Amino acid sequence: MSADTPASLYLDPQIRDWVLFPITLVMILVGVLRHYVVVLLQSPPKKLSRATIREQRALLRSQILRATSSKSPIPPAHYKALSRHLSDAFKAGEYLKDGPPNGDATSSAANALTDPATMDGMMAGMKTQMVMMIPQMIIMGWINFFFQGFVLIKLPFPLTFGFKSMLQRSIEAPDMDVRWVSSLSWYFLNLFGLNGLYRLFLGGDNSADSSRDMTMSPFASTGTAQSGQPQDFAKLFKAERDNLELSEGQYAWAGEELDVKVLRKYGRLLPRLD
């Protein structure tokens, strides 16, 4: 054997039975358990009040009216009447859940912390983050305490030297073959590699995805909750009024000369020459 050839290693089968398999099995079971704990912690969505639903549906009705203005199924007189009615109602604040705004009143969406639904969402996100992160910290500590420095498995395909730092964490052996995997590196490989197995058994929208723990801040749920804070419908209605006025210039009735189009389609009228 030449000096450049790395020495061969022979692993005790008990390492496979008492280290490799237990680490993999524990990570699978913890991921499944974490998924169901997150499901149990999720509170059912609260019912919206009638005024809130009315506020949202009014904006949606106006958006649908604008989106279909170029080929609208509504006759011209009805379209203009409906557009004018929505514009006047938005101006008067009739669809706002808190009623028409007062001159000295501040917007209810200025501070998300005053909204109970937003606070509930922030607390739920923080609890989910704790459930996601604490098990991984415990597993990593367990592996570092009991199996630090263990070599568990040899990958069956060649790798470049750049993978050595990733596959042989906690092992200081510069002459060891790159394909050997340490216990801590096996933990990280399972952390990202088991996501396909979780999607297979728990579905695509599961809570066992461990890779999110590495890329998500513990306070990311707070930022997500703040980004989904209540919208200021007074400003949205004001912008929608301007959009309605613009859409009236693009209005075209889909039923214009409909009888002529049908007769021409079935050959009852001569086709146009232009």
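Quick note: structure is the one above.
Chemist: Explanation requested: the overall build of the chain in the structure shown.
Modeler: On a plain count of helices and strands, the chain comes out with 11 helices and 2 strands. Beginning at the N terminus, the succession of helices and strands in the chain can be written as α-α-α-α-β-α-β-α-α-α-α-α-α. In the chain, which comprises 274 residues, the share counted as buried stands at 29%. When the accessible surface of the chain is totalled, it reaches about 18,400 Å², and 62% of it is carbon and sulfur.

Chemist: So what exactly am I meant to see when it comes to the packing of aromatic side chains here?
Modeler: One pair of aromatic rings is described through two measures. These are the centre distance and the angle between the planes. Tallying each qualifying case throughout the model produces 9 aromatic pairs. Relative to Y95, the ring of F90 has its centre 6.1 Å away and its plane inclined at 65 degrees; by these criteria the two rings are edge-to-face. Side by side, F90 and Y95 carry an identical accessibility label, which is buried.

Chemist: Would you mind going over the environment of V26 with me for this structure?
Modeler: Positionally, V26 belongs in helix α1 (residues 13-41). Take V26: its relative accessible area is 29%, and that puts it in the partly exposed class. Remark: the alpha-carbon pair of V26 and I139, spanning 113 residues in sequence, is separated by 8.4 Å.

Chemist: Help me out: how do you make sense of unusual backbone geometry in this one?
Modeler: A negative phi angle characterises most non-glycine residues, just as the trans form characterises most peptide bonds. In this structure, E257 takes a positive phi of about 55 degrees despite not being glycine. Judged by relative accessible area, which is 40%, E257 ranks as partly exposed.

Chemist: Would you mind showing me how to read a nonpolar patch on the surface here?
Modeler: On the surface, M130, I134 and I138 cluster together into a nonpolar patch covering about 290 Å² of accessible area. Here I134 is to be found in helix α4 (residues 116-146). The class for I134 is partly exposed, based on a relative accessible area of 38%.

Chemist: How should I be thinking about the pattern of salt bridges in this particular structure?
Modeler: Where charged atoms from two side chains of opposite charge approach closely, those side chains can pair. What the rule picks out here adds up to 5 salt bridges. The partner of D17 in a salt bridge is R16, and the shortest N-O contact between them spans 3.0 Å. Classification of R16 as partly exposed rests on a relative accessible area of 40%. In this structure, the salt-bridge partner of D177 is R179, at a minimum N-O distance of 3.3 Å. Relative accessible area serves as the criterion here: at 23%, R179 is assigned to the partly exposed category. The network of salt bridges with shared partners includes K154, D177 and R179.

Quick notes on the rules
- Residues numbered from 1 in each chain as written.
- Predicted model: local features only at pLDDT ≥ 70, side-chain atom pairs only at ≥ 80, totals over all residues.
- Heavy atoms only, no water.
- Helix = DSSP H or I, 4+ residues; strand = E, 2+ residues; numbered from the N terminus.
- Buried < 20%, exposed > 50% of the residue type's maximum accessible area, 1.4 Å probe, protein only.
- Areas by Shrake-Rupley, 256 points an atom, 1.4 Å probe, with all protein chains shown as cover.
- Phe/Tyr/Trp six-rings, centres within 6.5 Å; stacked < 30°, edge-to-face > 60°.
- Patch = residues over 30% accessible without salt bridge, like charges linked within 9 Å, V, L, I, M, F, W, Y side chains within 5 Å.
- Salt bridge = Lys/Arg side-chain N within 4 Å of Asp/Glu carboxyl O.

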